[in-house]
Structures are given as C-alpha cells and as structure tokens.
Amino acid sequence: MTFTLETRGLTKRFGRGSNAQTAVADVSLHLKPGEVYALLGPNGAGKSTTLKMLCGMLRPSGGEILFDGRPWCREDLYATGSLIEEPPLYPNLTARENLRVRTTLLGLPERRIDEVLSIVDLANTGTKRAGRFSLGMKQRLGIALALLAHPRLLVLDEPTNGLDPLGIEELRDLIRSFAAQGITVLVSSHILSEVQQMADSVGIITRGRLAYENRLHTGENLEQLFMDVCRRSRDQVRAGGERHGEHV
C-alpha cells in the first residue's frame, strides 16, 4: 500500500554535543489515504515537534518523510494544509480578506474563498474583523486557510483547544467530512472522548518515541488504551534505570 504520509525513523534533536536533547526518536508513522489519524501523547511527549517536522517548520535530525510513497520535498507543502498552534490570522482583516491574502500568494482563483468559507460555515461574517471572532470562529477560519489549496493532507494540532462542547462537536463533524472527501487528516488532541468518535487510526507517542500504532476498533476503550501504553512506557524506563543503577 502507498501511504499518503509515512515516516521512517524520524528523529529530532535540539542543541549540539553533550548538550543535545532528543525530542523525537525513531518515529515511524503510517497514514492511509482518506483516514483520520490521531497522534496522542502526554504533554512534552514530542507530538508538536513531530507535526512541525511534517509541515516543514522544523528540519529533522534523522530519518525520512515520504509523501505518496516518495521522499518528501518542499513542493509537498502545497499539498499539505496545516493549523499548528494559533491560526495565522490578520486581526484587522475580515475572514474574506484574510483568505484573499493567501489566494494572492498562492495564485489561486478567488472563487475558492467562497468555497472554503461555506465549508467552515463562515460565509456570513461580512465586515466583522477576525480579531473580534470567537475562538471557535478563529479556529474555523484557520482551517479555511489550510483548505484553500485543495490539500491531500491536513495537519491539525489541538484544533479543539478552548472550544465549547457545541464547537467541538461541529469541528469533529467537519474533520470527518474531510476524510469522506478523500483528504487524509492528522490530528493531535488531548480530548480522548472526541478522538474516539473521530479517528480511524491512533498513534501514541511517549518520551519522544512511538509506543503504539494501530487501527481504532469499534468499542475499543481509547482512554484505557492510552493509559496502559503510557504506564507501560514509564515502567520500561524505570526498569531500565534500575538495571543501570540509576534513580528515575
């Protein structure tokens, strides 16, 4: 099978020499076409660092990234939409004006603006400036920006942060609709109950390493799975420290 996105031994170190810190080590992910893949892990486990490498924001220290079965190159960013951390919005511009800046930079037709505004339900925001949008509206506008170039891969880092229950439900339905259109969605989230309803596959990173990757089966208890994987990883580290006479 040709994966939309695959990583082989992906590694990221910060610093040099004896001061080097490994944030991500030997991570191998496998994202199938048209699926929602959830990348999970405790705070500081390496999720955001991994996503930034996949979006060209950080250069890997080792390993490789494959896009559609071939080595990743900068041109693949045009087929990747992303929302990492804060949506990249101009607060003094309207939703339409924010999107027009991006269509101009990418050389896209202006009709695409109306299409993505309709997709994220922001077509009727009129002259309201983005700086006055609710957090949920800002998230949706960020997703609209990510969708402009018809991406085959959509990367969303904690897209439900700060949303109320209704906003979370709407975003979940939106993400599922992208997968139904054949877009591969990679999403990182701490809300396991939402991931349970949204994801087709799950990868769990602990201490910078991929400790688990599999399809999410119907009726599977994701919260229990997540806790079991994290505890097992912690216990392995403690056992290793004890074998070497270390205090962990």
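Preceding block: the structure.
Read on for a plain summary of the structure.

Procedures and definitions
- Residues numbered from 1 in each chain as written.
- Predicted model: local features only at pLDDT ≥ 70, side-chain atom pairs only at ≥ 80, totals over all residues.
- Heavy atoms only, no water.
- Core = buried A, V, L, I, M, F, W, Y, C linked by side-chain atoms within 4.5 Å.
- Buried < 20%, exposed > 50% of the residue type's maximum accessible area, 1.4 Å probe, protein only.
- Helix = DSSP H or I, 4+ residues; strand = E, 2+ residues; numbered from the N terminus.
- Contact = heavy atoms within 4.5 Å.
- Salt bridge = Lys/Arg side-chain N within 4 Å of Asp/Glu carboxyl O.
- Polar contact = N/O pair within 3.5 Å; in protein donor to acceptor, adjacent residues only side chain to side chain.
- Phe/Tyr/Trp six-rings, centres within 6.5 Å; stacked < 30°, edge-to-face > 60°.
- Lys NZ or Arg CZ within 6 Å of the ring centre and 35° of its normal.
- Pairing = 2+ DSSP bridges.
- Axes fitted to C-alpha atoms, helices over the stretch in contact; angles between N-to-C directions.
- Parallel < 35°, antiparallel > 145°, perpendicular 65-115°, else oblique.
- Left-handed = near helix turned anticlockwise from the far one by under 90°.
- Nonpolar A, V, L, I, M, F, W, Y, C, P; charged D, E, K, R; others polar.
- Patch = residues over 30% accessible without salt bridge, like charges linked within 9 Å, V, L, I, M, F, W, Y side chains within 5 Å.
- Areas by Shrake-Rupley, 256 points an atom, 1.4 Å probe, with all protein chains shown as cover.

Considerations on the nonpolar core
Reasoning step 1: Counting residues in each nonpolar core, the largest one holds 47 residues, and the members touching the most others are Leu40, Leu99 and Leu141.
Reasoning step 2: Looking at this core, the element that brings in the most residues is helix H4 (residues 135-147), giving seven residues.
Reasoning step 3: Sequence-distant contacts of Leu40, defined by excluding residues within four places in its chain, comprise Lys47, Ser189, Leu192, Val195, Val202, Gly203, Ile204, Ile205, Leu222 and Phe226.

A few points about the pattern of salt bridges
Between side chains of opposite charge, a pair can form as their charged atoms come close.
Reasoning step 1: This model, assessed by the stated rule, comprises 14 salt bridges.
Reasoning step 2: Its salt-bridge partner being Arg70, residue Asp76 comes within 2.8 Å of it at the nearest N-O pair.
Reasoning step 3: Given a relative accessible area of 4%, Asp76 falls into the buried group.
Reasoning step 4: In this structure, the salt-bridge partner of Arg96 is Asp114, at a minimum N-O distance of 2.8 Å. You can see Arg96 sitting in helix H2 (residues 95-106) and its partner Asp114 sitting in helix H3 (residues 111-119), a full 18 residues away along the chain.
Reasoning step 5: Using a relative accessible area of 41% as the deciding quantity, one classes Asp114 as partly exposed.
Reasoning step 6: Taken together, the salt bridges that share partners define one network made up of Glu6, Arg8 and Glu64.

Considering the side chain of Glu6
Reasoning step 1: Inspection of the secondary structure assignment puts Glu6 in strand S1 (residues 5-14).
Reasoning step 2: There is a polar contact of 3.2 Å between the side chain of Glu6 and the side chain of Arg8.
Reasoning step 3: Dropping the residues within four chain positions of it, Glu6 is found in contact with Leu29, His30, Glu64, Ile65 and Leu66.

Section: unusual backbone geometry
Reasoning step 1: With phi around 55°, Asp26 is a residue other than glycine that occupies positive phi space.
Reasoning step 2: With respect to the helices and strands, Asp26 occurs in strand S2 (residues 21-27).
Reasoning step 3: Assessed through its relative accessible area of 47%, Asp26 is described here as partly exposed.
Reasoning step 4: For Asp121, which is not glycine, the phi dihedral falls at a positive 60°.
Reasoning step 5: According to the relative accessible area criterion, Asp121 is exposed, its value standing at 59%.

Describing the packing of aromatic side chains
Reasoning step 1: What the rule picks out here adds up to zero aromatic pairs.
Reasoning step 2: In this structure, Lys12 is placed above the aromatic ring of Phe14, and the distance from its NZ or CZ to the ring centre is 5.2 Å.

Here we look at the sheet that holds strand S7 (residues 80-83)
Reasoning step 1: One open sheet accounts for six strands, arranged S7-S8-S9-S4-S10-S11; its pairing is mixed. Looking at strand neighbours, the two that pair on one side only are S7 and strand S11 (209-215), the edges of this open sheet. Each strand axis lies, on average, 15° off the axis of its neighbour in the sheet, ignoring direction.
Reasoning step 2: As judged from the six bridges shared by strand S10 (residues 201-206) and S11, these two strands associate in the antiparallel manner. The partner of Ile204 across the bridge, within S11, is Tyr212.

Here's the deal with the packing of H2 against H4
For any two helices packed against each other, the geometry comes down to the angle between their axes and how far apart the axes lie.
Reasoning step 1: At their nearest, the axes of H2 and H4 sit 10 Å apart, and the two run at 25° to each other. As far as their axial angle goes, H4 and H2 are roughly parallel. Crossing geometry of H2 relative to H4 is assigned as right-handed. Contact with H2, carried on its side by Ala95, Asn98, Leu99 and Arg102, involves Leu141, Ala144 and Leu145 of H4 and no other residues of that element.
Reasoning step 2: Taken together, the residues that form the contact of H2 with H4 break down as five nonpolar, one polar and one charged.

Topic: a nonpolar patch on the surface
Reasoning step 1: Taken together, the side chains of Tyr78, Leu105 and Leu106 define a hydrophobic patch exposed on the protein surface, amounting to about 360 Å² of accessible area.
Reasoning step 2: By the secondary structure assignment, Leu105 is in helix H2.
Reasoning step 3: Overall, Leu105 belongs to the exposed group, its relative accessible area being 67%.

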